[in-house]
Amino acid sequence: YIENQRKILLKKNESELNLAIEKKEKELLKENLGDVNELNLKLKARNQMIKDQNKQLNELIQTKDKLLSFISHDLRNSFSTMTSIIDTFSDDYEKLEPEDIQAAMQVLSRHSKNNYQLFENLLHWARSQHEELPVNKEMLSLSEIINKQKAKFTDTLSSKHIELKISTDNDLKAFADRRMLNIIVGNILSNAIKFTSDGGNIEIDGVSGANSTMVRIIDSGIGISEERVGQMFKLGGMESTKGTNGESGSGFGLILCKEMIDKCGGKINVKSQPGKGSVFSIMVPNKSDNGFGKNTN
């Protein structure tokens, strides 16, 4: 009896041991399957991230190709015009009338200024893409910057007989990077002049709020379509457009403005209709601690 009980007990222990081993193996297998599933999910997420990065890279390459195409087109046409004028001067200078010479010099001046501004914009944009463009915020007089940019375009305004009216307070302030703010105001004002017909008018007004200052540049120009407005601050949405006097324009300056206003912690907005002019609004912080935007490098 004792021997039989011993055998039964041994068989029972063996059975329980086998069940315990089997249970443990299942638990280990389940854990391993869980690890494999988790690893698969991570691999899928990584693969999706790589696909997204490749897509973004391809889009960036296509966009930069488009950028180079627009700029090359504008520069080629501009330099072609300048070369033609210079060749005419070289060959037939004695035969030219004074008014022809004056008109040609105005064209050369306009093209050289446009090309210089384009190169300046390209340089600043390239530096910003490589994070080599530091943001040095300080309390600035926006009125001083606006008047400085107005003086810069005195000749162009005069040649197109455009009246520029400034309706801002003398103590209009902004907390931003001086160089960037000059580039932003300069580019928007340049565009307003470029797309305003001879005899038109431009107005710059501004108002300060509790934490920010808004400046508007209002022109009586040819206006912009709703579709174009939605794309004008995107690198891939550039469109080469001639000014009212044939001035070249790739739209690159506005893309640079958007990047710089973002770095300054501000905002830019545009309202326009074809044939009814445009209103560009710039909003920038006017306090160093308002949380609107912080100093970054």
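Residues numbered from 1 in each chain as written. Predicted model: local features only at pLDDT ≥ 70, side-chain atom pairs only at ≥ 80, totals over all residues. Heavy atoms only, no water.

### Quick look at the overall build of the chain
Broken down by element type, the chain carries 7 helices and 7 strands. Taken over 297 residues, the chain has a buried fraction of 37%. Taking the intrachain contacts of the chain between residues at least 6 apart in sequence as the baseline, contacts between residues at least 24 apart amount to 75%. Summed over all atoms, the accessible surface of the chain reaches about 18,200 Å², with 52% contributed by carbon and sulfur. (Helix = DSSP H or I, 4+ residues; strand = E, 2+ residues; numbered from the N terminus. Buried < 20%, exposed > 50% of the residue type's maximum accessible area, 1.4 Å probe, protein only. Contact = heavy atoms within 4.5 Å. Areas by Shrake-Rupley, 256 points an atom, 1.4 Å probe, with all protein chains shown as cover.)

### A word on unusual backbone geometry
Unusually for a residue other than glycine, histidine 161 sits at a positive phi of about 55°. If you trace the backbone, histidine 161 turns up in the loop between helix H4 (154-159) and strand S2 (163-167). Classification of histidine 161 by relative accessible area gives exposed; the value is 58%.

### Description of the pattern of salt bridges
Applying the stated criterion across every chain yields a total of 4 salt bridges. The salt bridge partner of glutamate 144 is arginine 178, with a shortest N-O separation of 4.0 Å. With glutamate 144 in helix H3 (residues 142-152) and arginine 178 in helix H5 (residues 178-194), this pair connects stretches of sequence that are 34 residues apart. Residue classification places arginine 178 among the partly exposed residues on the basis of a relative accessible area of 34%. Ionic pairing is found between aspartate 262 and lysine 258, a salt bridge with its closest N-O pair at 2.8 Å. Of the two residues, aspartate 262 and lysine 258 are both situated in helix H7 (residues 252-263); the distance of 4 residues between them amounts to about one turn of the helix. Look at lysine 258 and you get partly exposed, because its relative accessible area is 26%. A cluster of three or more residues bridged by salt bridges with shared partners is formed by Glu138, Glu144 and Arg178. (Salt bridge = Lys/Arg side-chain N within 4 Å of Asp/Glu carboxyl O.)

### A few points about the packing of H3 against H5
Packing of H3 against H5 brings their axes to within 10 Å, and their N-to-C directions diverge by 50°. When the axes of H3 and H5 are compared, the pair comes out oblique. Viewed along their axes, H3 and H5 form a crossing whose handedness is right-handed. Facing H3, whose interface residues are Leu142, Glu144, Ile145, Lys148, Gln149 and Lys150, H5 presents Arg178, Leu181, Asn182, Val185, Gly186 and Leu189. Its residues assigned to classes, the contact of H3 with H5 shows 5 nonpolar, 3 polar and 4 charged. (Axes fitted to C-alpha atoms, helices over the stretch in contact; angles between N-to-C directions. Parallel < 35°, antiparallel > 145°, perpendicular 65-115°, else oblique. Left-handed = near helix turned anticlockwise from the far one by under 90°. Nonpolar A, V, L, I, M, F, W, Y, C, P; charged D, E, K, R; others polar.)

### Digging into the nonpolar core
In this structure, Leu181, Ile184, Ile188, Ile202, Met232 and Phe280 are the most contacted members of the largest nonpolar core, which totals 45 residues. When residues of this core are assigned to their parent elements, the largest contribution, 9 residues, is made by H5. When near neighbours in sequence (up to four residues on either side) are disregarded, isoleucine 188 contacts Ile217, Leu254, Cys257, Ile268, Phe280 and Ile282. Listed in part, the 6 residues of the second largest apolar core include Met82, Phe89, Ala104 and Leu108. (Core = buried A, V, L, I, M, F, W, Y, C linked by side-chain atoms within 4.5 Å.)

### Thoughts on the confidence of the model for the chain
Overall, the prediction assigns the chain a mean pLDDT of 80, with 88% of residues at 70 or greater. Confidence, expressed as mean pLDDT per element, reaches its minimum in the chain at helix H1 (residues 2-92) with 77 and its maximum at strand S7 (residues 278-285) with 93. (pLDDT = per-residue confidence, 0-100.)

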